[in-house]
Amino acid sequence: HRQIADLLREMPTAVVPEVARWGLVEALRRAVEEEFGQTFDQVAWDIEPQAEREARLLPPVIAEVLFCAAREAIRNAARHGRGQDASRPLHLRVGATWRDGLEIAIEDDGVGLGQAVTETSGQGLALHGTMMAVVGGTLTIESIPGTSTRVTLALPRAAW
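Scope of this entry: the structure provided in the associated data block. (Residues numbered from 1 in each chain as written. Predicted model: local features only at pLDDT ≥ 70, side-chain atom pairs only at ≥ 80, totals over all residues. Heavy atoms only, no water.)

## Re the overall build of the protein chain
A count of helical and extended segments in the protein chain gives seven helices and five strands. The order of α-helices and β-strands along the protein chain, N terminus first, is α-α-α-β-α-α-β-β-α-α-β-β. Sorting the 160 residues of the protein chain into buried and exposed places 41% on the buried side. In the protein chain, of all internal contacts separated by at least 6 residues, the share reaching a separation of at least 24 is 70%. Summing over all exposed atoms, the protein chain offers an accessible surface of approximately 8600 Å²; the carbon and sulfur share of this is 51%. (Helix = DSSP H or I, 4+ residues; strand = E, 2+ residues; numbered from the N terminus. Buried < 20%, exposed > 50% of the residue type's maximum accessible area, 1.4 Å probe, protein only. Contact = heavy atoms within 4.5 Å. Areas by Shrake-Rupley, 256 points an atom, 1.4 Å probe, with all protein chains shown as cover.)

If you want it as structure tokens, here you go:
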């Protein structure tokens, strides 16, 4: 409970206006450009038009939870993706699909969780996973050591 309360206090106060103004997908694009512009060697966006349209219909609180969870996954990729090798190339892919629900996938071709995990790693995503559950969604992590990490945020249509 304390960790969730701390996380909520640390969240930027301007998140909802950004998401409300630009929509979830564009707010993520802007966050990647502004916060992580020089971090990745390449960022690919694979957004289905229907997913972007449906994301605009999300209630503001749910959109904020998705935005913050996606940004945390991107932040983790930026922070841990290269492992100990600062010269390792690092690519990011952000995808969104609609299959009677919204699915956002954040993938990197970094070192995977095996080499990147520390004693404090994973707490941010665990907290965001809890927030996803609160709004009726899920956060899953798949990692292949030395190859990639994929964080998937799924929100069924029935959740809103």
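## Observations regarding unusual backbone geometry
Phi is positive for Asp-100, close to 55 degrees, though the residue is something other than glycine. Within the element layout of this structure, Asp-100 appears in the loop between strand S2 (91-98) and strand S3 (101-108).

## Regarding the side chain of Glu-72
For Glu-72, the position within the fold is in helix H5 (residues 60-80). Ignoring anything within four residues of it in the chain, the contact list for Glu-72 reads Gly-124, Leu-125 and His-128.

## With respect to the sheet that holds S2
In a beta sheet, neighbouring strands are held together by backbone hydrogen bonds and run either parallel or antiparallel to one another. Taken together, five strands build an open sheet; the order of strands is S1-S2-S3-S5-S4 and the sheet is mixed. The open sheet has two edge strands with one neighbour each: strand S1 (42-47) and strand S4 (138-144). Adjacent strand axes in the sheet meet at a mean angle of 10 degrees, parallel and antiparallel pairs treated alike. Looking at chain direction, S3 and strand S5 (residues 148-156) are connected through eight bridges and run antiparallel. Bridge pairing in S5 links Leu-102 to Leu-155. Its contacts with the sheet place helix H3 (residues 24-36) against S1 and S3, and it is angled at close to 180 degrees to S1. (Pairing = 2+ DSSP bridges. Axes fitted to C-alpha atoms, helices over the stretch in contact; angles between N-to-C directions.)

## Considering the packing of aromatic side chains
According to the stated counting rule, one finds one aromatic pair in the structure shown. Pairing Trp-98 with Trp-160 gives two aromatic rings, centres 5.9 Å apart and planes at 65 degrees, and the pair type is edge-to-face. Linking Trp-98 in strand S2 with Trp-160 in the segment after S5, this pair joins segments that are 62 residues apart in sequence. Classification of Trp-98 by relative accessible area gives buried; the value is 10%. A cation over an aromatic ring shows up here: Arg-21 above the ring of Trp-22, its NZ or CZ 4.7 Å from the ring centre. (Phe/Tyr/Trp six-rings, centres within 6.5 Å; stacked < 30°, edge-to-face > 60°. Lys NZ or Arg CZ within 6 Å of the ring centre and 35° of its normal.)

## Side note on the environment of Ile-144
Mapped onto the secondary structure, Ile-144 falls in strand S4. C-alpha of Ile-144 to C-alpha of Leu-113: the two residues are 31 residues apart in sequence and 7.4 Å apart in space. Setting aside anything within four residues of it in sequence, one finds Ile-144 in contact with Val-111 and Gly-112.

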